[in-house]
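Given next are the chains, with one letter for each unit.
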Amino acid sequence: MGFFRDNKARLFSVIALVAMLALLVPMVSIGGASKVFADTIDYYELKVGEDTVAVLETEEEAYDLITQLRDTYVEDAKNVVDIKMTPAVTVSKVSVPKNEQQPTVENNMVNVLDSLLVSDENSNEYIVQEGDTVWEISMALGMSTEAIQKQNPGLDIENIVPGDKIVVKNTESLINVIVEYEVESEVSIPFETIYEEDPTMDADEEEYVKIEGVKGTKVIKERVVKVNGIVDQVDELSAEIVTEPVSRVVVRGTMNQDDYDDEDDAVIIDEEEVEDSYYDEEESSDESYYEDDEDDDYVEETSSASSESTSSYSAATYSGSGQSVVDYALQFQGNPYVWGGTSLTNGCDCSGFVWRVFNDCGYAISRWPDSDFPHVSASELRPGDITRYGGHYAIYIGNGMEISAVDESQGIRVHPMYYSYSAFWYGIRVIG
């Protein structure tokens, strides 16, 4: 008992020391774990699809770059419905041990953004073969002759010979930023031109405008999809007419010189009957008979001429195929362009041409059929579809070609898609 009393203080000291050691062990373990964790460095990878395009120090920098990329192609933020990017652009966190090689960190954000906006350019070559024509090459490449010439400045595209090399460059963006808008705008409605025939007016006399045409207006709401700032698709959601258009009325004469000749002949015959009184009644009757025969011959002759003048065009068919519409439309190449017109022979504008062709073929469409029929993309086009551009309509005939009433200098002609029009909106499928 004396031993325990004498060593009681020492025993308590040992117990206290053991307790302190027990507390220190977890602290050492925690300190060791913290040390291991602190031996790594965190980075943030900016990825396009599965590919890493940049390594950044902070997560904030990575997401700021994504925002700048999106904003590059946003033109009207208040009308934006949706924004997406293909391939997807994502941010991924990675931790690299300090004792391993560290990735190269991009500090210049402008350079990273520029690299994301750059497009890859691919070049294809075509060697001109025996029998090739500029037109056939243009159709095969899906480009206008003007575009081919621009990409090949050292080549005389109109005088190509076998062996000539044509280089065509295509660009493809690394990232497509797709922005969807809903926009409301007021647009004009073209007026039609109506012709009135005046039988008392000489056919050679200059036409005159009886009533001036007035454009109408309508408010349309559209869904517009842009890819990298270029219009890819437009769908009309609603339309409300504010003012109806007023048709332009043009008067033209129909009296021919033959009509005057007939009147003069009638007067001369009457004068002869008065002056040559020695003709008896029977002879006068015979003379009238022959004159009637001549009139009949004239009617037959003019009727035949009229028939011949219209027989150069084949009648529209109702086969229910887009090709039949194309075949009918192709007959009118070379005829004039008249703004607001709807005549395939005397003149029409782009919408008037499309409207008249389809209605002649038995398809009741309006001058602006966008919201009446389904839309198709450029890759889905087939002969007989209507191609819609910003401010222009045409009829697709196949192989990247179409026919339309282009303008006053060119009239109705066949040309490659996108001819003089930068933004293809969509195709309109009326048949099937």
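Residues numbered from 1 in each chain as written. Predicted model: local features only at pLDDT ≥ 70, side-chain atom pairs only at ≥ 80, totals over all residues. Heavy atoms only, no water.

**Student:** I'd like to hear about the overall build of the protein, residue by residue, with values.
**Tutor:** Along the backbone of the protein there are 9 helices and 20 strands. Across the 432 residues that make up the protein, the buried fraction comes to 32%. Put simply, 68% of the contacts in the protein that link residues at least 6 apart link residues at least 24 apart. Summed over all atoms, the accessible surface of the protein reaches about 26,300 Å², with 51% contributed by carbon and sulfur. (Helix = DSSP H or I, 4+ residues; strand = E, 2+ residues; numbered from the N terminus. Buried < 20%, exposed > 50% of the residue type's maximum accessible area, 1.4 Å probe, protein only. Contact = heavy atoms within 4.5 Å. Areas by Shrake-Rupley, 256 points an atom, 1.4 Å probe, with all protein chains shown as cover.)

**Student:** Could you give me a rundown of the packing of aromatic side chains, with the residues and numbers involved?
**Tutor:** Taken as a whole and assessed by the stated rule, the structure comprises 4 aromatic pairs. Ring geometry for Phe 358 versus Tyr 363: centroids 6.3 Å apart, planes at 70 degrees, classification edge-to-face. When sorted by exposure, Phe 358 lands in the same class as Tyr 363, which is buried. Over the aromatic face of Tyr 195 sits the side chain of Arg 252, whose NZ or CZ is 4.1 Å from the ring centroid. (Phe/Tyr/Trp six-rings, centres within 6.5 Å; stacked < 30°, edge-to-face > 60°. Lys NZ or Arg CZ within 6 Å of the ring centre and 35° of its normal.)

**Student:** An account of the nonpolar core is needed here, citing residue identities and associated values.
**Tutor:** Grouped together as the largest cluster of nonpolar side chains are 34 residues, with contacts concentrated most on Phe 353, Val 354, Val 357, Phe 358, Ile 386, Ile 395 and Ile 403. When residues of this core are traced back to their parent elements, those giving at least two are helix 8 (322-330), helix 9 (350-360), strand 17 (392-398), strand 18 (401-405), strand 19 (412-416) and strand 20 (424-428). Top element by residues in this core is helix 9. It accounts for 6 residues. Within the second largest apolar cluster, 22 residues are counted, among which are Tyr 44, Val 89, Met 109 and Val 177. (Core = buried A, V, L, I, M, F, W, Y, C linked by side-chain atoms within 4.5 Å.)

**Student:** With reference to specific residues and values, describe the sheet that holds strand 12 (residues 248-255).
**Tutor:** The sheet built from 3 strands is open, its strands ordered 8-12-9 with mixed pairing. Strand pairing shows two members of the sheet lacking a second neighbour, strand 8 (193-202) and strand 9 (208-211), which therefore form its edges. Here the average twist between neighbouring strands, direction ignored, is 40 degrees. Sheet topology note: the strand 8/strand 12 ladder contains 7 bridges and is parallel. Residue Asp 198 lies in a different strand from strand 12, and its bridge partner there is Gly 253. (Pairing = 2+ DSSP bridges. Axes fitted to C-alpha atoms, helices over the stretch in contact; angles between N-to-C directions.)

**Student:** Which residues make up the side chain of Glu 45, and what values go with them?
**Tutor:** For Glu 45, the location among the structural elements is in strand 1 (residues 40-48). Ignoring anything within four residues of it in the chain, the contact list for Glu 45 reads Thr 52, Ala 54, Val 55, Thr 90, Val 91, Ser 92 and Val 94.

**Student:** Any chance you could break down helix 9 for me, citing the residues and the numbers?
**Tutor:** Burial within helix 9 is extensive, with 8 of its 11 residues counted as buried. Residues of helix 9 that are buried include every one of Cys 350, Ser 351, Gly 352, Phe 353, Val 354, Trp 355, Val 357 and Phe 358, and no others. Where helix 9 ends, the next residue or the one after it, Gly 362, has phi of about 95 degrees, a positive value.

**Student:** Provide a residue-level description of the pairing of strand 7 (residues 176-189), including the pertinent values.
**Tutor:** Taken together, the 6 bridges between strand 3 (residues 80-86) and strand 7 define a ladder with antiparallel strand orientation. Looking at the pairing, Asp 82 lines up with Glu 180 of strand 7. Judged from the 12 bridges that link them, strand 7 and strand 10 (residues 216-227) form a sheet pairing that is antiparallel. If you follow Glu 182 over to strand 10, its bridge partner there is Arg 223.

**Student:** Break down the packing of helix 8 against helix 9 for me, with residues and values.
**Tutor:** Relative to each other, helix 8 and helix 9 sit at 120 degrees, their axes nearing to 10 Å. In terms of their interaxial angle, helix 8 and helix 9 are classed as oblique. Seen along the crossing, helix 8 lies across helix 9 with a hand that is right-handed. Contacts from Val 325, Tyr 328 and Ala 329 in helix 8 reach Phe 353, Val 357, Phe 358 and Asp 360 in helix 9. (Parallel < 35°, antiparallel > 145°, perpendicular 65-115°, else oblique. Left-handed = near helix turned anticlockwise from the far one by under 90°.)

**Student:** Describe the pattern of salt bridges, and please don't skip the residues or the numbers.
**Tutor:** Enumeration according to the criterion identifies 14 salt bridges in this entry. A salt bridge links Arg 223 to Asp 235; its shortest N-O distance comes to 2.9 Å. With a gap of 12 residues between them, Arg 223 in strand 10 and Asp 235 in strand 11 (residues 230-243) connect regions that are remote in the sequence. One salt bridge in this structure joins Arg 367 and Asp 349, with 3.1 Å as the shortest N-O distance. You can see Arg 367 sitting in the loop between helix 9 and strand 15 (375-376) and its partner Asp 349 sitting in the loop between strand 14 (347-348) and helix 9, a full 18 residues away along the chain. Grouping residues by exposure puts Arg 367 and Asp 349 together as buried. Connected through shared salt-bridge partners, Glu 180, Arg 223 and Asp 235 make up one network. (Salt bridge = Lys/Arg side-chain N within 4 Å of Asp/Glu carboxyl O.)

**Student:** Quick rundown of the confidence of the model for the protein? Include the residues and the values.
**Tutor:** In the predicted model, the protein carries a mean pLDDT of 77, and the fraction of residues at 70 or more is 72%. Of the regions scoring below 50 in pLDDT, residues 27-37 engages in 0 contacts with residues more than four places distant in sequence or in other chains. This model gives residues 262-311 a pLDDT under 50, and the stretch forms 6 contacts once residues within four places in sequence are excluded. (pLDDT = per-residue confidence, 0-100.)

**Student:** Please set out the environment of Val 354 residue by residue, giving values where relevant.
**Tutor:** Examined against the element boundaries, Val 354 turns out to sit in helix 9. When the C-alpha atoms of Val 354 and Trp 368 are compared, they prove to be 9.5 Å apart, with 14 residues separating the residues in sequence. For Val 354, the contacting residues outside a window of four places in its chain are Ile 365, Ile 386, Tyr 393, Ala 394 and Ile 395.

**Student:** Go over the sheet that holds strand 11 with me, naming the residues and quoting the values.
**Tutor:** Picture the strands of a sheet paired through backbone hydrogen bonds; they go either parallel or antiparallel. Pairing is antiparallel across the open sheet formed by 4 strands, whose spatial order is 3-7-10-11. Taken across any chain shown, the strands that pair with only one partner, and hence form the sheet edges, are strand 3 and strand 11. Strand after strand, the sheet turns through a mean of 20 degrees between neighbouring axes, direction not considered. The strands touched by helix 2 (residues 59-72) within the sheet are strand 3 and strand 7, with strand 3 carrying the most contacts at an inclination of about 115 degrees.

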